[in-house]
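Survey of secondary and tertiary structure
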Amino acid sequence: MEKSRMNLPKGPDTLCFDKDEFMKVRAGLRARGWPARRCPRGRPRASARGPSAGTALPFAEDFDVDHFVSDCRKRVQLEELRDDLELYYKLLKTAMVELINKDYADFVNLSTNLVGMDKALNQLSVPLGQLREEVLSLRSSVSEGIRAVDERMSKQEDIRKKKMCVLRLIQVIRSVEKIEKILNSESSKETPALEVRSPLLTGQILERIATEFNQLQFHAVQSKGLPLLDKVRPRIAGITAMLQRSLEGLLLEGLQTSDIDIIRHCLRTYATIDKTRDAEALVGQVLVKPYMDQVIIEQIVESRPDGLQTMYKKLLEFVPHHCRLLREVTGGAISSEKGNTVPGYDFLVNSVWPEIVRGLEENLPSLFNPGDPDAFHKKYTISMNFLRTFERQCGSQASVKRLRAHPAYHSFNNKWNLPVYFQIRFREIAGSLEAALTDVLEDAPAGSSFCLLASHRTWSSLQRCWSDAMFLPSLAHRLWRLTLQILARYSVFVNELLLRPISNESAKDIKNPVVTGSKDPSVTQGNSEDQGSGPSESKPAASISSTQLVYVVADLDRLQEQLPELLETIKPKLETIGFKNFSSISALADSQLSLSACVPPLSSRIVRDLSESCFSYLKSALEVPRLYRRTNKEVPTTASSYVDSALKPFYQLQSGHKDKLKQALIQQWLEDALSESTQKYCETVSDILHSVRKMEESLKRLKQARKTTSPNPGGSGGGMSDDDKIRLQLALDVEYLGEQIQKLGLQSKDIKSFPALTALVAAAKDQATAEQP
């Protein structure tokens, strides 16, 4: 019935809207107190507590009339929507009347059924009030019972705690009395029990005492703060002191007599009372310390060249000679049996090593002095080898880990002032390198693969960083950075050389030691002394010769070839510190690219200098007209001497540096320099021929103006004219230049402007020969 009430009547299928949309309206009406009512006899009561005809029905919050109308307008017109709404309204009205008429009898009977309900409720109020009072009374009684039980439980808990304290105190007193009874029974004779009985029996007795003492300590800690315990504490302190003295004496006796059973019982007793560190400290003070003070003596170490190695050898002999029994008992030796070992001890880590470090720090303080870097490197290397050997004497990897975590281990490593050592080495290398990177470029020493001292010093500095005499694994990162700094400094130095002006040839021949090719170290030393003798004197601006530029390029090429060799030297050094990802090292490749980037501008400077030097002679072609005009010189048959002079720098470069530079690079320089100089030479020859032609035309016009039959004013009668001689001389010079280019190993067709120059002088030569009879 409820489902039928909730559903709206079904309308015709032709409706343009969904009837379920009105369910929202109905829900909103019910939520806001608008009940649907029916009138008797099937007629609706329009005015019974409902909205009047002019009252707007309250819609639900999620129903929007405007949205409903606009949505319907998308499908039909407003007139059709109005007709469908009126039709469905009639259906709803009819359904509402039927629903009211159907349930009208129930509404009428409801008021009849509620008659006398208030009297029945009043009759129930009296017994309900009595029941409420009884429940409250019972609740109060139960609460009092619970409170009484809690108080008794609290008292019982206090009694239990006090009982436990009393029992612990009783156990403490019993343990004290038991231990004292054992001691009294053993010391009842005049001679002390530790001297009468055998050491093994004494060890067993001490082990019994230690077991009881361990229980005593446990109960004493639990009873801390009680007054009775304070009265017993002096007796406990006496037992503790006696037990420690007995254990120390027994352990020393076992070590002196090499009795492994005594040592085992003694160490087990120490472990029982949780005093293993006391046993290790006792061994360190009594057994290890005297030996270390006897071996670690500064005078003996410094009196012999191998004094440090001898001292470390004796220190390493201490473990197998004096700690053998201790290692067998504690399981630190390979031959020790697992069932008879006493765990919890590590005498090498906690007894031997701290005393070694203490002896070195107190008796040999000069060991850690970095003032002499060579001696410091030697001492550090020997000491680290000793440390690795000592680690191999540890019985297990766990023992090695405990050793490396020990404060004495860190103290030993921190004593080595590696940053100061590196700073000293850095000043040595940087000072030596900067001394070579000066304004005066000196020769490399004899036997060096480099040409300049600056390049030689750079390479030697790189090698020194990773040499066995300087490298330390802990400084690998600093040395790698120094390597990159050296390469960067040399790259900056080369770039600074590009800013220097190029000196002339006379200066190169007189002042520069590089031009002479001298490899005498005395010359280099003398130049350095001259440089340092007068720093206050004014010096001319630093210049560089073309030969020095060639040497710089040769050294750059050589340095780049040797960098892979340096990397192969570095790799084993880095592997010692566990570095294996060498593919991630790109900084060295970047430094190599930086050096390679210096070669093109240097080559351009060299090519420009060669071109200018060559053209300085080739421009002597301007003197050819002066040599033949009105001089009656013979017809030229050979090239001018300036051609040989112009090509002399090229021959010097090719022959003097073929063992320093790659042939391809030399040929490229020659080709580029000849291309530049030939282009200028071609322009010069063209100007000369043009001026000759203009001179010749002006003479012809003058001759026609005078209309005379005087002989040729520029030459001998019946011979070649001066202008033709000039043309022929230029042609011979160019032909000879081409032949010399071929001898240099170059092709004349590869020289820019040379084919045009050849064609230019060929035409002039043809003109000169054509005018002859």
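Here, the structure is the one placed above.
As a starting point, this report considers the structure included with it. This is a predicted model, so every value here is computed, not measured.

Observations concerning the overall build of the protein chain
In terms of regular secondary structure, the protein chain is built from 31 helices and 0 strands. Across the 773 residues that make up the protein chain, the buried fraction comes to 38%. Considering only residue pairs separated by 6 or more positions, the protein chain has 79% of its internal contacts joining residues 24 or more positions apart. A total accessible area of about 44,600 Å² is found for the protein chain, and carbon and sulfur atoms account for 54% of it.

Points about helix 4 (residues 78-102)
Compared with the 36 Å implied by 1.5 Å per residue over 25 residues, the 36 Å span of helix 4 between its first and last C-alpha is a close match. Within the sequence span of helix 4, burial applies to Leu81, Asp84, Tyr88, Val97 and Ile100.

Concerning helix 25 (residues 587-596)
All buried positions along helix 25 are accounted for by Leu588, Ser591 and Leu595. Here the buried residues of helix 25 occupy an arc of 55° about the axis, which is enough to place them on one side. Contacts made by the buried residues of helix 25 are with helix 21 (476-497), helix 24 (546-575) and helix 26 (599-618).

Thoughts on the pattern of salt bridges
Under the criterion given, the structure shown has 27 salt bridges. With its nearest N and O atoms 3.0 Å apart, the salt bridge here joins Asp293 to Arg358. Taken together, the residues Asp293 in helix 11 (residues 276-295) and Arg358 in helix 15 (residues 347-363) connect sequence positions 65 residues apart. We classify Asp293 as partly exposed; its relative accessible area is 29%. Overall, Arg358 belongs to the buried group, its relative accessible area being 16%. The partner of Asp374 in a salt bridge is Arg425, with the nearest N and O atoms 2.7 Å apart. In this pair, Asp374 is assigned in helix 16 (residues 373-393) and Arg425 in helix 19 (residues 418-436), connecting sequence segments 51 residues apart. You can call Arg425 buried: its relative accessible area is 3%. Here the salt bridges share partners, and the residues they tie into one network are Lys289, Asp293, Glu355, Arg358 and Glu362.

Looking at the packing of helix 19 against helix 20 (residues 453-465)
Contact geometry of helix 19 with helix 20 gives a least axis separation of 8 Å together with a crossing angle of 165°. Considering the angle they form, helix 19 stands roughly antiparallel to helix 20. Judged by the twist between their axes, the crossing of helix 19 over helix 20 is left-handed. Within the contact between the two elements, helix 19 uses Arg425, Glu428, Ile429, Ser432, Leu433 and Ala436 and helix 20 uses Leu453, Ala454, Arg457, Thr458, Ser461, Arg464 and Cys465. When the residues that make up the contact of helix 19 with helix 20 are grouped by side-chain class, the tally is 6 nonpolar, 3 polar and 4 charged.

Things to note about unusual backbone geometry
The backbone phi angle of Ser258 is positive, close to 55°, even though this residue is not glycine. By relative accessible area, Ser258 is classed as partly exposed at 43%. Residues other than glycine seldom take positive phi values, yet Ser753 does so here, at roughly 70°.

As for the packing of aromatic side chains
Under the criterion given, the structure shown has 19 aromatic pairs. In this structure, Lys633 is placed above the aromatic ring of Tyr628, and the distance from its NZ or CZ to the ring centre is 5.2 Å.

Re the side chain of Ser351
Mapping Ser351 onto the fold places it in helix 15. Side-chain polar atoms of Ser351 contact the backbone oxygen of Glu280, separated by 2.6 Å. Aside from chain neighbours lying at most four places away, what touches Ser351 is Glu280, Ala281, Val283, Gly284, Val288 and Asp346.

Things to note about the environment of Glu735
Along the chain, Glu735 falls in helix 30 (residues 722-743). Along the sequence, Glu735 and Leu757 sit 22 residues apart, while their C-alpha atoms lie 9.9 Å from each other.

Thoughts on the nonpolar core
Most often, soluble globular proteins have nonpolar side chains that are buried together. With 162 residues, the main nonpolar core has Leu267, Met311, Trp353 and Leu360 as its most contacted residues. Considering each element in turn, this core owes the most residues, 12 residues, to helix 24. If near-sequence neighbours (up to four positions away) are discounted, Trp353 is found in contact with Leu348, Phe386, Leu387, Phe390, Leu403, Ala408, Tyr409 and Phe412. Listed in part, the 9 residues of the second largest apolar core include Leu8, Leu15, Phe17 and Phe68.

Here's the deal with the side chain of Gln393
Following the sequence through the fold, Gln393 ends up in helix 16. Of the polar contacts made by the side chain of Gln393, one reaches the backbone oxygen of Leu316; its length is 3.1 Å. Not counting residues within four places of it along the chain, the set of residues in contact with Gln393 comprises Leu316, Val319, Pro320, Arg327 and Leu348.

Describing the environment of Tyr651
Structurally, Tyr651 is set in helix 28 (residues 641-656). Ignoring sequence-local partners within four residues, the contact set of Tyr651 consists of Gly656, Gln740, Lys743 and Leu744.

Conventions and cut-offs
- Residues numbered from 1 in each chain as written.
- Predicted model: local features only at pLDDT ≥ 70, side-chain atom pairs only at ≥ 80, totals over all residues.
- Heavy atoms only, no water.
- Helix = DSSP H or I, 4+ residues; strand = E, 2+ residues; numbered from the N terminus.
- Buried < 20%, exposed > 50% of the residue type's maximum accessible area, 1.4 Å probe, protein only.
- Contact = heavy atoms within 4.5 Å.
- Areas by Shrake-Rupley, 256 points an atom, 1.4 Å probe, with all protein chains shown as cover.
- Expected span 1.5 Å × (residues − 1).
- Arc of directions from axis to C-beta.
- Salt bridge = Lys/Arg side-chain N within 4 Å of Asp/Glu carboxyl O.
- Axes fitted to C-alpha atoms, helices over the stretch in contact; angles between N-to-C directions.
- Parallel < 35°, antiparallel > 145°, perpendicular 65-115°, else oblique.
- Left-handed = near helix turned anticlockwise from the far one by under 90°.
- Nonpolar A, V, L, I, M, F, W, Y, C, P; charged D, E, K, R; others polar.
- Phe/Tyr/Trp six-rings, centres within 6.5 Å; stacked < 30°, edge-to-face > 60°.
- Lys NZ or Arg CZ within 6 Å of the ring centre and 35° of its normal.
- Polar contact = N/O pair within 3.5 Å; in protein donor to acceptor, adjacent residues only side chain to side chain.
- Core = buried A, V, L, I, M, F, W, Y, C linked by side-chain atoms within 4.5 Å.

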